[in-house]
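# Chains, contacts and geometry: an overview
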Amino acid sequence: MKKKIAILGSTGSIGKSLLSLLRKDKNKKIILLSANKNYRELIKQAKEFNVKNIIILDKKNYFKLKNDNKYQNLNIFNNYDCFKKIFKKKIDYTMSAIMGIDGLLPTFEIIKHTKIIAIANKESIICGWYLLKKELTKHKTKFLPVDSEHFSIWFDLFNQDHKDKIQKIYITASGGPFRKKDISTFKNISIKDAIKHPNWRMGKKISIDSATMVNKIFELIEAKNIFNISYNQLSIIIHPKSYIHAIIQYKNGLSKIILHETDMKIPIFNTLNFPKIKSYNFKKIDFKNLNNLELSNPNSKKYQSLKLLKYLPKISSLFETIIVSANDELVNLFLEKKIEFTDITKNLLKIVKDAKYTKYKLLKPKKIGDIIKLNRYVRSEINN
């Protein structure tokens, strides 16, 4: 029997990478694809993979498809209430790859309909983990991380009673495009400069998060939640080549370096076939490239975002939503040329000290709506 699959955010880079793997895998059947606005790509995907159910969130494009006789053979939906109509029983695997806070609600809602959920949406793990974890337990759904760093750590620890033996986990950072750039020139950084990641091909938002190193702050929050360890056991280390994804240091003096090629298809492929370990013809690492790893500690003067770490609460709260929402809006303002590159981190550091926001460290979300409402509030405050 074919494995039944849903892809939330199929027109983004993670969704497309997953589909490229499914082209070569005839033992999987896609039940649902979803997109925000890119209806042309969504229709193209639905035709190629013979998918009957699609979600297009943009209302204008939804009505365009719904009123076109060419697509009468498709079940076209405009929101996530359709899950209960589409899934009569649990499907085998869901990839949650919608970007931003928008991915939180569908990730939460689909948990009850799937045996396995692979989550690439950072916001679900950073902002919604307290609620997601309960929902995963309630519906006995298996969670798999997709981010290369967290997948690498999780895969190493999976089925091994190692967690209590861990001294420290180092998550690697490339240092972004400005690792060698003089701090005095940071004010003049352009959008074009900021989105040029040296190793990964990514969207504008995540590329800028990499340039400020805010993405690594987020990854530490994710690691703290996923592996249930303290921030004292987590650190960031610079590794410009991006081959190493994590280093696990054990209490017995041993350390383990986890590495693979800079290809997101590797963690995606392994989550897709979990719990089996299958072969695939991925590009093999040329070990000569590992002769000079250039590992170093990040410069906190250059990467001011590292100062955010001391303001993070020890337990999950609504404060993480403040940081994510503020960063999203500040990056948007930079992309709109309304603020300078250095203003992103400068303003973030002001926000995490503001009593108006710090009170949220004591509050946990009671429902997904609390996170969405707070996100809107923070973004509107920044624009006032």
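Below, the structure is looked at part by part.

## Some remarks on the environment of Ser 17
- Mapping Ser 17 onto the fold places it in helix α1 (residues 13–22).
- Sequence separation of Ser 17 and Lys 265 is 248 residues, and the distance between their C-alpha atoms is 6.1 Å.
- Discounting residues that sit within four places of it in the chain, Ser 17 has contacts with Lys 265 and Ile 268.

## Quick word on the pattern of salt bridges
- Tallying each qualifying case throughout the model produces 18 salt bridges.
- Note that Glu 336 and Lys 338 form a salt bridge whose closest N and O atoms lie 3.2 Å from each other.
- Note on Glu 336: relative accessible area 47%, which makes it partly exposed.
- The exposure class assigned to Lys 338 is exposed, which follows from its relative accessible area of 58%.
- Its salt-bridge partner being Asp 343, residue Lys 346 comes within 3.8 Å of it at the nearest N-O pair.

## Considerations on helix α12 (residues 265–272)
- Most of α12 is tucked away: 7 of the 8 residues are buried.
- For α12, the full list of buried residues reads Ile 266, Pro 267, Ile 268, Phe 269, Asn 270, Thr 271 and Leu 272.

## What about unusual backbone geometry?
- A cis amide bond links Phe 274 to the next residue, Pro 275, at an omega of 5 degrees.
- Topologically, Pro 275 is positioned in the loop between α12 and α13 (319–335).

## Looking at the packing of α13 against helix α14 (residues 341–351)
- Relative orientation of the contacting elements α13 and α14 amounts to 155 degrees, with a least axis distance of 9 Å. By the angle class used here, α13 and α14 are roughly antiparallel. As for the relative orientation of α13 and α14, their crossing is right-handed in sense. Between α13 and α14, the contacting residues are Ile 322, Ile 323, Ala 326, Asn 327, Leu 330, Val 331 and Phe 334 on the first element and Phe 341, Ile 344, Asn 347, Leu 348 and Ile 351 on the second.
- For the contact of α13 with α14, a count of residues per class yields 10 nonpolar, 2 polar and no charged.

## Focus on the sheet that holds strand β2 (residues 28–35)
- Taken in spatial order, the 7 strands of this open sheet run β4-β3-β2-β1-β5-β6-β7, and their pairing is parallel. Each edge of the open sheet is held by one strand with a lone partner, namely β4 (75–77) and β7 (142–145). Shown here is a sheet whose adjacent strand axes are inclined to one another by a mean of 20 degrees, direction ignored.
- Alignment of strand β1 (residues 3–8) against β2, held across 6 bridges, turns out to be parallel. By the bridge assignment, Ile 5 is partnered in β2 with Ile 30.

## So, the environment of Met 99
- On the secondary structure map, Met 99 appears in the loop between β5 (91–96) and α5 (104–110).
- Distance from Met 99 to Tyr 243, taken between C-alpha atoms, is 24 Å for residues 144 residues apart in sequence.
- Leave out the neighbours within four places in its chain, and Met 99 touches Asn 121 and Lys 205.

## Considerations on a positive patch on the surface
- Taken together, the side chains of Lys 2, Lys 4, Lys 26, Lys 29, Lys 52 and Lys 89 present a region of like positive charge at the surface.
- Positionally, Lys 2 belongs in the segment before β1.

## Details of the pairing of β2
- For β2, the buried fraction is high: 7 of the 8 residues fall into the buried class.
- Following the backbone out of β1, through α1 and into the adjacent parallel β2, one traces a crossover that is right-handed.
- Direction of pairing for β2 relative to strand β3 (residues 53–56): parallel, over a ladder of 4 bridges. By the bridge assignment, Ser 34 is partnered in β3 with Ile 55.
- Between the parallel pair β2 and β3, the chain is carried across by helix α2 (residues 39–48), and the sense of this crossover is right-handed.

## Quick look at the pairing of strand β6 (residues 114–119)
- Counting buried residues in β6 gives 5 out of 6 residues, a clear majority hidden from the surface.
- By the bridge criterion, 5 bridges tie β5 to β6 in an arrangement that is parallel. Note that in β6 the partner of Ser 96 across the bridge is Ile 119.
- Handedness of the crossover joining β5 and β6 through α5 is recorded here as right-handed.

## Some points on the packing of aromatic side chains
- Here the structure, examined in full by the defined rule, presents 13 aromatic pairs.
- Seen from their ring centres, Tyr 80 and Phe 83 are 5.7 Å apart, and the 40 degrees between their planes marks the pair as tilted. As far as burial versus exposure is concerned, Tyr 80 and Phe 83 are alike and both buried.
- With centroids separated by 5.4 Å and ring planes inclined at 80 degrees, the aromatic side chains of Phe 178 and Phe 341 adopt a geometry described as edge-to-face. Separated by 163 residues along the polypeptide, Phe 178 in the loop between β8 (166–173) and α9 (191–194) and Phe 341 in helix α14 bring together distant segments of the chain. No difference in accessibility class separates Phe 178 from Phe 341, as the two residues are buried.
- Here Lys 361 stacks its cationic end above the ring of Phe 319, 4.9 Å away from the centre of that ring.

So, how was this worked out
Residues numbered from 1 in each chain as written. Predicted model: local features only at pLDDT ≥ 70, side-chain atom pairs only at ≥ 80, totals over all residues. Heavy atoms only, no water. Helix = DSSP H or I, 4+ residues; strand = E, 2+ residues; numbered from the N terminus. Contact = heavy atoms within 4.5 Å. Salt bridge = Lys/Arg side-chain N within 4 Å of Asp/Glu carboxyl O. Buried < 20%, exposed > 50% of the residue type's maximum accessible area, 1.4 Å probe, protein only. Axes fitted to C-alpha atoms, helices over the stretch in contact; angles between N-to-C directions. Parallel < 35°, antiparallel > 145°, perpendicular 65-115°, else oblique. Left-handed = near helix turned anticlockwise from the far one by under 90°. Nonpolar A, V, L, I, M, F, W, Y, C, P; charged D, E, K, R; others polar. Pairing = 2+ DSSP bridges. Patch = residues over 30% accessible without salt bridge, like charges linked within 9 Å, V, L, I, M, F, W, Y side chains within 5 Å. Areas by Shrake-Rupley, 256 points an atom, 1.4 Å probe, with all protein chains shown as cover. Lys, Arg positive; Asp, Glu negative; His and termini not counted. Charge placed at Lys NZ, Arg CZ, Asp CG, Glu CD. Right-handed = clockwise from strand over helix to strand, strands pointing away. Phe/Tyr/Trp six-rings, centres within 6.5 Å; stacked < 30°, edge-to-face > 60°. Lys NZ or Arg CZ within 6 Å of the ring centre and 35° of its normal.

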